[in-house]
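Per-entry structural report
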Amino acid sequence: MKTLSFVKNHRQRFTVKAVFACSLLLCSAATQSFAQAYGSDQQDRPSQQKSRFIERDRTGPSASNGAGGNWRVFDSEDKMTAAKTVRFELLSDNAPSENRGYQYKIELVCENGKYKGSEFTPGRTLGPPNRPGWWGQPQMEVLVRIDNRHGNHGWNWNGHFLAMDKGTTRELIGSQIFKVEFLGYERPEIAEFSPGGLDLTRISQACGLTPKKP
């Protein structure tokens, strides 16, 4: 009886240890998978400035011109499809404290007279996403101030930039003050922009966008 009891207890201890070991392996694999998916294993370093809109190997030279106020506009044409792309760029009034060689940036991109999308680029690695989108895509909840109003928005997260929603973009082009509080790699950061003075006729022709009150 003692022998049977010993074997039984030994088997129970072995089972517990095996389950514990497997749990550690599963947790380690899950953590590694999340890190690979969302870049949480990256060191704090400047972003590579990847953009879903800019394909320099397929577009010809961009012609840069002023678009009113602090805005710049770049015109280019796709070598293969002949699609005409117009990109409006707005740099921030301030810069990331850890990366003073680069300002925060907003880009509005339009193709063949239609709005394609807009991005907020921080110039350095973003913090991890903090909410899921409607389809489960990673998003970051940001606090946006437009003139004297503010509100929370969920922007699709890429690791290098945040995809802005069209409604906020329309509010941006008609405002004088635009600020974004977002999660940086270590702490919340605030990007400050002065979008006033944009040539609204130019952006209406290139994108079909009109201003919207907050």
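These numbers come from a predicted model, not from an experiment.

**Some details on helix H3 (residues 200-207)**
- Among all positions of H3, only Ile-203, Ala-206 and Cys-207 are buried. Down the axis, H3 shows its buried residues gathered within 75 degrees of arc, on one side only. In H3, the exposed residues that point more than 90 degrees away from the buried face are Thr-201 and Gln-205.
- Buried residues along H3 sit against strand S3 (84-91), strand S4 (105-111), strand S5 (114-121) and helix H2 (166-173).
- For H3, the N-terminal capping position is held by Asp-199, with its side-chain oxygen 3.1 Å away from the main-chain nitrogen of Thr-201.
- Just past H3, the residue Gly-208 takes up positive phi, approximately 70 degrees.

**A short note on the pattern of salt bridges**
- Evaluation of the coordinates by the stated rule reveals seven salt bridges.
- Of the charged contacts, one joins Asp-75 and Arg-202 as a salt bridge, the two residues approaching to 3.1 Å between their closest N and O atoms. Of this pair, Asp-75 sits in strand S2 (residues 71-77) while Arg-202 sits in helix H3; the two residues are 127 residues apart in sequence, bridging distant segments of the chain.
- The partly exposed category is assigned to Asp-75, whose relative accessible area is 25%.
- Residue Lys-116 pairs with Glu-111 through a salt bridge whose shortest N-O separation is 3.5 Å.

**A look at the state of the cysteines**
- Scanning the entire structure with this criterion turns up one disulfide.
- In this model, Cys-110 is linked to Cys-207 through a disulfide, with the two sulfur atoms separated by 1.8 Å. Taking the torsion about the S-S bond as the criterion, the Cys-110 to Cys-207 disulfide, at about 95 degrees, is right-handed. Within this pair, whereas Cys-110 is found in strand S4, its partner Cys-207 is found in helix H3, the two being separated by 97 residues in sequence.
- What makes Cys-110 buried here is its relative accessible area of 0%.
- When its relative accessible area of 4% is taken as the criterion, Cys-207 is described as buried.

Rules used throughout
Residues numbered from 1 in each chain as written. Predicted model: local features only at pLDDT ≥ 70, side-chain atom pairs only at ≥ 80, totals over all residues. Heavy atoms only, no water. Buried < 20%, exposed > 50% of the residue type's maximum accessible area, 1.4 Å probe, protein only. Helix = DSSP H or I, 4+ residues; strand = E, 2+ residues; numbered from the N terminus. Arc of directions from axis to C-beta. Contact = heavy atoms within 4.5 Å. Polar contact = N/O pair within 3.5 Å; in protein donor to acceptor, adjacent residues only side chain to side chain. Salt bridge = Lys/Arg side-chain N within 4 Å of Asp/Glu carboxyl O. Disulfide = S-S within 2.5 Å.

Geometric values such as these leave the question of function open.
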